[in-house]
Amino acid sequence: MSDTASSVQRTYLVLTLLTTLASSFIWGINTIFLLDAGLSNVEAFAANAFFTVGQVIFEVPTGVVADTRGRQFSYVLGAATLLLSTLLYLVMWQIHAPLWGWAIASILLGLGFTFFSGATEAWLVDALKATNFTGHLEQVFGRAQVVGGGAMLVGTISGGLIAQATNLGIPYLIRAAMLGVTMIVAIRFMRDLGFTRQRDVSPVAAIRNVIRGSVDGGFRNPPVRWLMLAAPFTFGSGIFVFYAAQPYLLELYGDKTAYGIAGLAAAIVAGVQIVGGLIVSRVRRLFGLRTTALLIGGILDVALVILLGLTGSFAIALLLMAAWAFVFAVAGPLRQAFLNGLIPSEQRATVLSFDNLMGSAGGVIAQPALGRISDVYGYGAAYVVSGAIQALALPFVLLARREHAVSDPIGRDGDVDQPAAPAGVATAPLPADGDPRP
């Protein structure tokens, strides 16, 4: 592996560390923060739903920005937007703003994350291709999960303890400061490699070309389409599973003001994420196809979420949450490698953003609905329904498996994963040809 490829990975891991650390200061207390601001369960999850509304609205436009103006430009813009919207969130809490105020702040938060979502992964994959990377994408994504998990471990524990020692607003101030540091690092070290901005065409023509290509590389590419259609059920309910765990675990614990426990619960998820990232390269050896792993992981997720809703024990709930997070940690890099092996470089950020959009769209519907179920029937019932929603993703993963995509077979250790196929191509696996691209 070249020194430049190693430098690309280091930059990606540092950015992952900083963004996750900044964000995770509030992950363990966010739902409690919203409830403390005077919102009901329905309103709190509606505020979260407006966050995903922002993602739905802006995912593709910000993906186009990344594919036309550059991935670094998009990333820096995202860090700046998140910094300002985090401060606005803090103001909403201080003045006990009505739901419409939270809606505006949450939509802006969603906008900030959409500048990250497709751009960061697209930057990494294209830069690795341009620097003769010879490894497996799962290895890189797995390392990122280890780094992100470590950052989340520190951030969630610190955020919960700091909130308990001071107040619920201080972690948001720390998050804003960390985002400022992240923006400076991205400006200094993140360089677009393997990607050329479209300078010879008008902005309107460039946007039209990228969107047309993203449709070809996305919905017109069957295996990519099927996984995109699975995303609303998997990620839509997954958002609720994670954020509802804060008040649900405190309820099972018996002390709704023990914010440190909420942070600890999120930290356990982070710790399991580290383990999942460390062993994903070994887990991949157990399967011949990535879709096989995704199917088994999906079935386990459904069972674990339903059991989480049925238990009345705090300790068992923690174990089930950790197991659920572990399955997600292992399946995530496999899904990323599957998709990136099928998306052309020119539309990568936009297609990945559209994939995120699909997941966010599920969250827009699922979160307020599941929040209402929590208000009426309790969190346990909402978790059972959430498991049923996740089960609806399984048929789409099975359809993706039947397409025999070029990125589905898992190479032996030491082999290089197959290069990305042209848009719309997803037939039999390509022969090994020495191409160093992941």
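None of the values given here were measured: they were computed from a predicted structure. (Residues numbered from 1 in each chain as written. Predicted model: local features only at pLDDT ≥ 70, side-chain atom pairs only at ≥ 80, totals over all residues. Heavy atoms only, no water.)

A. Just the overall build of the protein chain, in detail. Helix and strand content of the protein chain: 15 helices and 0 strands. Taking as baseline every contact in the protein chain between residues at least 6 positions apart, the subset at least 24 positions apart corresponds to 84%. With an accessible surface of roughly 16600 Å², the protein chain has 67% of that area assigned to carbon and sulfur atoms. (Helix = DSSP H or I, 4+ residues; strand = E, 2+ residues; numbered from the N terminus. Contact = heavy atoms within 4.5 Å. Areas by Shrake-Rupley, 256 points an atom, 1.4 Å probe, with all protein chains shown as cover.)

B. Highlighting the environment of F195. The topology assignment puts F195 in the loop between α7 (170-189) and α8 (203-217). Under the relative-accessibility criterion, F195 is labelled buried at 13%. When the C-alpha positions of F195 and W123 are compared, they lie 8.1 Å apart, and in sequence the two are 72 residues distant. When neighbours within four sequence positions are excluded, F195 is seen to be in contact with A66, D67, T68, G70 and R71. (Buried < 20%, exposed > 50% of the residue type's maximum accessible area, 1.4 Å probe, protein only.)

C. Seen up close, the pattern of salt bridges. Overall, the coordinates contain 2 salt bridges when judged by the stated rule. Between R71 and D126 there is a salt bridge, with its nearest N and O atoms 2.7 Å apart. Pair noted here: R71 is in helix α4 (residues 71-94) and D126 is in helix α5 (residues 99-130), with a separation of 55 residues, a long-range link. Of the two residues examined, R71 and D126, each falls in the buried class. (Salt bridge = Lys/Arg side-chain N within 4 Å of Asp/Glu carboxyl O.)

D. Just the packing of helix α9 (residues 222-253) against helix α12 (residues 314-340), in detail. Close contact between α9 and α12 brings their axes to 11 Å; oriented N to C, the two are set at 155°. In terms of axis orientation, α9 runs roughly antiparallel to α12. The element α9 and its partner α12 pack so that their crossing is left-handed. For the contact of α9 with α12, a count of residues per class yields 20 nonpolar, 2 polar and 1 charged. (Axes fitted to C-alpha atoms, helices over the stretch in contact; angles between N-to-C directions. Parallel < 35°, antiparallel > 145°, perpendicular 65-115°, else oblique. Left-handed = near helix turned anticlockwise from the far one by under 90°. Nonpolar A, V, L, I, M, F, W, Y, C, P; charged D, E, K, R; others polar.)

E. Structural detail: the side chain of T20. The topology assignment puts T20 in helix α1 (residues 3-24). A relative accessible area of 13% places T20 in the buried class. For T20, the side chain forms a polar contact with the main-chain oxygen of T16, separated by 2.7 Å. In this structure, T20 is in contact with W27, G148, A151 and M152, ignoring residues within four places of it in sequence. (Polar contact = N/O pair within 3.5 Å; in protein donor to acceptor, adjacent residues only side chain to side chain.)

F. View of the packing of aromatic side chains. Under the counting rule described, the total for this entry stands at 17 aromatic pairs. Consider the rings of F233 and F396, whose centres lie 6.0 Å apart with planes at 10°: the pair is stacked. A residue pair is termed long-range when its members are at least 10 positions apart, and F233 in helix α9 and F396 in helix α15 (residues 394-401) qualify at 163 residues. Judged by relative accessible area, F233 falls into the partly exposed class, the value being 25%. Grouping aromatic residues by their ring pairs yields a cluster made of F33, Y89, W93, W102 and Y172. Just above the ring of F73 sits the side chain of R69; from NZ or CZ to the centre is 4.4 Å. Directly above the ring of W226 sits R225, whose terminal nitrogen or CZ lies 4.7 Å from the centroid. (Phe/Tyr/Trp six-rings, centres within 6.5 Å; stacked < 30°, edge-to-face > 60°. Lys NZ or Arg CZ within 6 Å of the ring centre and 35° of its normal.)

G. View of the side chain of D301. Along the chain, the position of D301 falls in helix α11 (residues 290-310). R335 provides the closest opposite charge to the buried, salt-bridge-free D301, at an N-O distance of 10 Å. Look past the residues within four positions of D301 in its chain and what remains in contact with it is W324, V327, F328 and Q390. (Lys, Arg positive; Asp, Glu negative; His and termini not counted.)

H. Quick look at the nonpolar core. W102 and Y383 are the most contacted members of the largest nonpolar core, which has 86 residues in total. With 10 residues, the single largest contributor to this core is α12. Setting aside residues up to four positions removed in sequence, Y383 forms contacts with F240, V241, A244, A245, Y248, V305, I306, L308, G309 and M321. Residues L339, L352, A400 and V406 belong to the second largest nonpolar core, which totals 22 residues. (Core = buried A, V, L, I, M, F, W, Y, C linked by side-chain atoms within 4.5 Å.)

I. Structural view of the environment of V8. Here V8 is to be found in helix α1. Given the relative accessible area of 3%, V8 is considered buried. V8 sits 125 residues away from F133 along the chain, and the two C-alpha atoms are 9.8 Å apart.

J. Structural context of the packing of helix α6 (residues 137-165) against α12. Between α6 and α12, the least distance of the axes is 9 Å, while the angle of their chain directions is 140°. In terms of axis orientation, α6 runs oblique to α12. α12 is crossed by α6, and the crossing has right-handed handedness. Contacts between α6 and α12 involve L137, E138, F141, G142 and Q145 on the former and, on the latter, F328, A329, V330, G332, P333, L334, Q336, A337 and N340. For the contact of α6 with α12, the class distribution of residues is 8 nonpolar, 5 polar and 1 charged.

K. Summary view of a nonpolar patch on the surface. Judged by side-chain polarity, L153, V154, I157 and L161 come together as a nonpolar surface patch covering roughly 300 Å² of accessible area. Along the chain, the position of V154 falls in helix α6. Judged by relative accessible area, V154 falls into the partly exposed class, the value being 47%. (Patch = residues over 30% accessible without salt bridge, like charges linked within 9 Å, V, L, I, M, F, W, Y side chains within 5 Å.)

L. The arrangement of unusual backbone geometry in detail. In the Ramachandran plot, H96 falls in the positive-phi region, its phi being about 50° despite a non-glycine side chain. Within the fold, H96 resides in the loop between α4 and α5.

M. A look at the confidence of the model for the protein chain. Taken residue by residue, the protein chain gives an average pLDDT of 81. The fraction at 70 or more is 86%. Contacts of residues 412-438 to residues separated by more than four positions or lying in other chains number 73 contacts, the stretch itself having pLDDT below 50. (pLDDT = per-residue confidence, 0-100.)

N. Fine view of the environment of E59. Here E59 lies in helix α3 (residues 41-69). Accessibility expressed as a relative area gives 1% for E59, which makes it buried. Note: C-alpha distance between E59 and S360 (301 residues apart in sequence) is 9.2 Å. Excluding anything up to four places from it in sequence, E59 contacts T114, S117, S353, N356, L357 and S360.

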